[in-house]
Each structure stands twice: as structure tokens, then as C-alpha cells.
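# Descriptive structure summary
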Amino acid sequence: MAAWLLWLIAAGLFAAGEVVSLDLVLLMFAGGALGGMTVALLGGATVLQMIAFIAISGVLLVLVRPIATKHLTQRTPLQLDGVDNLIGRTAKVTREIDSSSGRIRMGADEWSARTQHSGETYAVGETVRILQVDGATAVVGDALE
């Protein structure tokens, strides 16, 4: 089997491994393998192919990986999940809310709720804003719409 084909297979395996690991390390090795393949296609000896692989992989790891990692982590917006996704949303009161109990409806979901401050109350039908979630209870305040 031709040396360049072995390097191409190695690059493919490194790239496939990167899909699983997502560390951007194996991808740099895939780039090094493509460098080794290029030297093999140009007729270089096995020692030169290995030197090209090691040199290109090292340069990619030292120079390209930190920049790529920085761009991937800084440009990814924070995605809220779980109950954090509810904070700031509005809901309709289905059972009067005071500082200890009440119910709200958001779309098809119904939650237990209480007010943020004692003395506040919200009547059935009013719109409130979810300020925080405490266990399975939404803490609500004025919707200010």
C-alpha cells in the first residue's frame, strides 16, 4: 500500500476521533498526517514524512488550537436550561397569589407560585413576571407590561 494512502487513512481516523472527543487535539494530528501525506506524494523518505507529521502537528497544537478554542468558547452564546429558562417570562394567575401560595399558568404548564414580598397579592387573571424559581415554586412580581 502506498505511504500517502496510509497517511490519508490516518488523517481520516484522527478526524473521526475528533468528532468523538471535541478537544481539537486529534484534528491537529489530522493536519499533521496530511502534511506527512504531502511529503509522501512528493517522494520524501519515511523519516521526512514523520518529521513533517511531528512538526506540523506541533505547530497546529501550539498556534492554531488555542485560537480555535478561544473562538469556539467565546462565540457560543450562553444557553439557559431548566428552570433558568423561566426567569423573566410572564404568566397568568390561576389562583390568587400571596406570600405563601398561589398558582400561575404559562402556556400548558401550571406552577405553584408565591410573591416576592409579604403583603403583595395578585388576583386571578392578572399577569405576573417570574423573578426566580425556588424548588417547584415560582417567585413572582409585577409584570410591568
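Higher on the page you've got the structure.
Now for a look at the structure at hand. (Residues numbered from 1 in each chain as written. Predicted model: local features only at pLDDT ≥ 70, side-chain atom pairs only at ≥ 80, totals over all residues. Heavy atoms only, no water.)

### Describing a nonpolar patch on the surface
Judged by side-chain polarity, M1, W4, L5, L6, L8, I9, L13, L34 and L41 come together as a nonpolar surface patch covering roughly 880 Å² of accessible area. Taken together, the elements giving at least two residues each to the nonpolar patch come down to helix 1 (3–21) and helix 2 (26–41). Ranked by the residues each element gives to the nonpolar patch, the list is headed by helix 1, at six residues. Residue L6 is classed as partly exposed on the basis of its relative accessible area of 48%. (Patch = residues over 30% accessible without salt bridge, like charges linked within 9 Å, V, L, I, M, F, W, Y side chains within 5 Å. Areas by Shrake-Rupley, 256 points an atom, 1.4 Å probe, with all protein chains shown as cover. Salt bridge = Lys/Arg side-chain N within 4 Å of Asp/Glu carboxyl O. Helix = DSSP H or I, 4+ residues; strand = E, 2+ residues; numbered from the N terminus. Buried < 20%, exposed > 50% of the residue type's maximum accessible area, 1.4 Å probe, protein only.)

### What to know about the sheet that holds strand 4 (residues 127–134)
Strand pairing in a sheet relies on backbone hydrogen bonds, with the paired strands running either antiparallel or parallel. One closed barrel accounts for five strands, arranged 1-2-3-5-4; its pairing is mixed. Averaged over all adjacent pairs, the angle separating strand axes in this sheet is 55°, with direction ignored. Where strand 1 (residues 90–95) and strand 4 come together, three bridges link them in antiparallel fashion. Residue pairing in the sheet places A91 in a bridge with V128 of strand 4. (Pairing = 2+ DSSP bridges. Axes fitted to C-alpha atoms, helices over the stretch in contact; angles between N-to-C directions.)

### Some thoughts on the packing of aromatic side chains
A full pass over the atoms with the stated rule returns four aromatic pairs. Ring geometry for F14 versus F53: centroids 6.2 Å apart, planes at 15°, classification stacked. With F14 in helix 1 and F53 in helix 3 (residues 46–74), the pair connects residues that are 39 residues apart, well separated along the chain. Among the residues examined, F53 registers a relative accessible area of 16% and is labelled buried. Taking 6.3 Å as the distance between ring centres and 40° as the angle between the ring planes, the aromatic pair formed by F29 and F53 counts as tilted. Linking F29 in helix 2 with F53 in helix 3, this pair joins segments that are 24 residues apart in sequence. (Phe/Tyr/Trp six-rings, centres within 6.5 Å; stacked < 30°, edge-to-face > 60°.)

### Thoughts on the packing of helix 1 against helix 2
Interhelical geometry of helix 1 versus helix 2 gives an angle of 170° and a closest axis separation of 8 Å. One element, helix 1, and the other, helix 2, form an angle in the roughly antiparallel class. When helix 1 is examined against helix 2, the residues A3, W4, W7, L8, A10, A11, F14, A15, G17, E18 and S21 are found in contact with a partner set consisting of L26, L27, F29, A30, A33, L34, G36, M37, A40 and L41. A per-class count over the contact of helix 1 with helix 2 returns 17 nonpolar, three polar and one charged. (Parallel < 35°, antiparallel > 145°, perpendicular 65-115°, else oblique. Contact = heavy atoms within 4.5 Å. Nonpolar A, V, L, I, M, F, W, Y, C, P; charged D, E, K, R; others polar.)

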